[in-house]
Each structure stands twice: as C-alpha cells, then as structure tokens.
Amino acid sequence: MIVCGKSLAVEGGQVQRTVDGAMLIAASSAASVLESGGESVFDPNHWAAQGRLSATAQGRGSAWFVKTEQEEWVLRHFRRGGMTARLLTDRYFWLGEERVRAFAECRLSARLHAQGLPVPAPVAARYSRHGLLYRCDLITRRIAGATPLSALLAAAPLSAAHWNGIGRALEGLHRAGLDHADLNAHNILLDAAGTVSVIDLDRGRLRAPGRWARGNLARLQRSLAKVCAGLPAERFDAACWRQLLDGYTAG
Ligand SMILES: Nc1ncnc2c1ncn2[C@@H]1O[C@H](COP(=O)(O)OP(=O)(O)O)[C@@H](O)[C@H]1O
Ligand SMILES: [Mg+2]
C-alpha cells in the first residue's frame, strides 16, 4: 500500500495523498478499501493475480468486475472518447483536485445514492498527476444481476411496466437535479426484477430545473433508436417511448 501522510475528512468520505496524487474513499468503504490493498485496489493486475477480476461485456473496454472478500465492485479507468482519444488516450488536463473527473463522479454518486436514488454507491476514486496532465479511476459497487438496457433490447422486447419504470427512475433523478451528460441505452441497467439503475455519471452535474432535462430524454431517444436499428420494430417504437414518458410524467 502506498499512502503518504494522513487522511483528510471531506463530505462523504476521506482524501488520502498518494505518491503522485490522491484517493477519495467513501466513508462506508474505507475499511474494505484499506483491507483490500489501499491504492492497489485501482490496479486490475492486483485483482487478476488473485483470480478476482473479470471483464465487463459493455463499455469502452476499461471497466472490470472485481470480487472482493465481501463485495462486488466495478473498477473503471477513465478514457477519452472521440477525436482526442488517439492523442491523449486516458490523460486529462489538470484543473485542480476539485475538477478531477473521477472525484467529481464519486461525489455526485455519493450525494444521489444517499438520497435513495438509483445510482451505484461509490467506493473510491483515485488520480495520479504528471505535470499538466492526470489519469484517474473510479470504483463503484456492482449492481447485482443488472443488464444494460441495450443488451436487453438486443435479445427481446421490454414490457410496458419496464418502460414505465425507466421513465419513473429518470424523473426521480431529474427532480433531484441530475443533468446526466451521457444518458443512453448502455448507461441504464435493469435487474431481473425490473429495478432500474442509471450509471456512468461522468461529467454529470446538479442543476436547477430547466430545458436540460428534455435534452437528456432526447439523447436517450436517439440512443434507443440507434441500438434498435435493424432489430424488429417493436423493440423500440412510438408505443415504447410513450410508456416511458407515462412513467416520467407519473413520477
Ligand atoms: N455499478 C455497476 N454495476 C453493474 N454493472 C456496471 C456498473 N458500472 C458499470 N457497469 C457495466 O460496465 C459497463 C461500462 O461502465 P460505464 O460506467 O458505462 O463506463 P464507460 O461507458 O465509460 O465504459 C456498463 O455498460 C455496465 O455494463
Ligand atoms: Mg457507459
């Protein structure tokens, strides 16, 4: 374990300095992170060596499932998408610790999860800084038995109750002020009972009510149309969207 200096209590957790950065550890996970190896919990090789790592089926290929002694976690290394990905891959410009992407997502998830909203509970975040650039990672609790909406739709149609439940979950998050920066069919998960969770809060923020909520829904609608293109029409048609909106407005 590489920890330099003492930990500092912050809202929802504690910050511990490392050799080249810091970790933000959620209060409820401090013991399990420290017992599991401190900063090495962010290293996939640490878990692979113990046979405790498996790849996630979805995403950009830098998320892994981890089985600790007590819990299941999702470990995600932040990577860029789009044009800058080729040049900077997984490095971001340093704008101060407050602005570290994984720290911001960790704090936002902690706040929403504490309100009982359907987002993963954060475990810990970490960054390492190299001059003007930094890399970062985030660990969240794995949502048991959950499958991305995109994968469910690829296999079978969804019931009206499921579409309704998605709408209700989104309304709750919007009412709490969450402007999700990437609301799409891969970032909504359902478990076997149909319980909805929303993941991937990177670049999300809390805002006063406004038109952004409609923007979130429009983005999701485009994503659903895209993932269902080429599938039987009833996987995502006007009726499905209406059922989702019914749940949203009933929420
Ligand atoms: N808390 C979680 N519980 C269960 N599965 C998760 C969780 N977080 C992520 N996943 C899985 O990992 C994939 C990638 O995670 P995500 O946070 O969306 O990262 P990215 O889109 O940047 O790759 C998701 O599509 C989902 O299948
Ligand atoms: Mg995602």
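Residues numbered from 1 in each chain as written. Chains lettered and ligands numbered in written order. Predicted model: local features only at pLDDT ≥ 70, side-chain atom pairs only at ≥ 80, totals over all residues. Heavy atoms only, no water.

### Describing the pattern of salt bridges
- Evaluated as defined, the whole model comprises 14 salt bridges.
- Across the pair Glu-71 and Arg-141 runs a salt bridge whose closest N-O atoms are separated by 3.1 Å. Placement of the pair is Glu-71 in the loop between β5 (63-67) and β6 (72-77) and Arg-141 in strand β9 (residues 133-141), with a sequence separation of 70 residues.
- One network of salt bridges, with partners in common, ties together Glu-39, Arg-126 and Asp-137. (Salt bridge = Lys/Arg side-chain N within 4 Å of Asp/Glu carboxyl O. Helix = DSSP H or I, 4+ residues; strand = E, 2+ residues; numbered from the N terminus.)

### Notes on the environment of Ala-193
- Tracing the backbone through its elements, the reader meets Ala-193 in the loop between β12 (188-190) and β13 (196-198).
- Counting along the chain gives 48 residues from Ala-193 to Gly-145, while the straight-line C-alpha distance between them is 9.4 Å.

### Digging into helix α8 (residues 238-250)
- Taking 1.5 Å of rise per residue, 13 residues should cover 18 Å, and α8 covers 18 Å from first to last C-alpha, within 8% of that figure.
- The inward-facing, buried residues of α8 contact α6 (160-175) and α7 (212-228). (Expected span 1.5 Å × (residues − 1). Contact = heavy atoms within 4.5 Å.)

### A few points about the coordination of the magnesium ion (ligand 2)
- Looking at the metal site, the magnesium ion (ligand 2) is ligated by Asn-187 (OD1) and Asp-200 (OD), spaced 2.2 to 2.4 Å from it. Here the residue Asn-187 occupies a position in the loop between β11 (178-179) and β12, and Asp-200 occupies one in the loop between β13 and β14 (205-206), the gap between them amounting to 13 residues.
- Here Asn-187 falls in the buried class, since its relative accessible area comes to 5%.
- Residue Asp-200 is classed as buried on the basis of its relative accessible area, which comes to 15%. (Donors = N, O, S within 2.8 Å, 3.2 Å for Na, K, Ca; no water. Buried < 20%, exposed > 50% of the residue type's maximum accessible area, 1.4 Å probe, protein only.)

### Overview of the pairing of strand β8 (residues 122-130)
- With seven of its nine residues buried, β8 lies for the most part within the structure.
- Bridging between strand β3 (residues 21-26) and β8 involves five bridges; their strand directions are antiparallel. From the neighbouring strand, Ile-25 faces β8, where its bridge partner is Ala-124.
- In this structure, β8 lies alongside β9, joined through eight bridges in antiparallel fashion. Its bridge partner being in β9, His-130 is matched across the sheet by Leu-133.
- Connecting β8 to the next strand, β9, in antiparallel fashion are two residues, including Gly-131 with a positive phi near 65°. (Pairing = 2+ DSSP bridges.)

### Some remarks on the layout of surface pockets
- The volume enclosed by the second largest pocket comes to roughly 290 Å³.
- Surrounding the second largest pocket, 15 residues form its lining, Ala-104, Glu-105, Arg-107, Leu-108 and Gly-204 being those nearest its centre.
- The set of elements that each furnish at least two residues to the lining of the second largest pocket consists of α4 (101-114) and β14.
- Tallied by class, residues from the lining of the second largest pocket come to five nonpolar, one polar and nine charged.
- Composition of the lining of the second largest pocket by domain shows at least three residues from each of domain 1 (7-141) and domain 2 (147-250). (1 Å grid on protein atoms, 1.4 Å probe; cavity = no way out; pocket = protein on both sides within 12 Å on 5 of 7 lines; lining within 4 Å. Points joined across faces, edges and corners; volume = space filled by probe spheres on them. Nonpolar A, V, L, I, M, F, W, Y, C, P; charged D, E, K, R; others polar. Domains from an automatic or database assignment.)

### Section: the environment of Thr-89
- Mapped onto the fold, Thr-89 is located in the loop between α3 (85-88) and β7 (92-93).
- Spatially, the C-alpha atoms of Thr-89 and Leu-244 are 36 Å apart, while their sequence positions differ by 155 residues.
- Among residues more than four places away in sequence, those in contact with Thr-89 are Arg-79, Arg-80 and Thr-84.

### Looking at the side chain of Ser-197
- Note that Ser-197 resides in strand β13.
- Overall, the relative accessible area of 9% leaves Ser-197 in the buried class.
- The contact partners of Ser-197, leaving out residues within four places of it in the chain, are Pro-118, Ile-143, Asn-187, Ile-188 and Leu-189.

### Details of the sheet that holds β12
- A sheet is described by the order of its strands in space; here three strands give the open sequence β10-β12-β13, paired in antiparallel fashion. Of all the strands in the sheet, just β10 (147-148) and β13 have a single pairing partner and so form its edges.
- As judged from the three bridges shared by β12 and β13, these two strands associate in the antiparallel manner. The residue of β13 that forms the bridge with Ile-188 is Val-198.

### Some thoughts on the packing of α6 against α8
- Axis separation between α6 and α8 bottoms out at 6 Å; the angle between their running directions is 45°. By the angle between their axes, α6 is oblique relative to α8. When the axes of α6 and α8 are compared, the crossing they make is right-handed. Contact with α6, carried on its side by Ala-160, Trp-163, Asn-164, Ile-166, Gly-167, Arg-168, Leu-170, Glu-171 and His-174, involves Cys-240, Gln-243, Leu-244, Asp-246, Gly-247 and Tyr-248 of α8 and no other residues of that element.
- Among the residues making up the contact of α6 with α8, the classes are represented as seven nonpolar, five polar and three charged. (Axes fitted to C-alpha atoms, helices over the stretch in contact; angles between N-to-C directions. Parallel < 35°, antiparallel > 145°, perpendicular 65-115°, else oblique. Left-handed = near helix turned anticlockwise from the far one by under 90°.)

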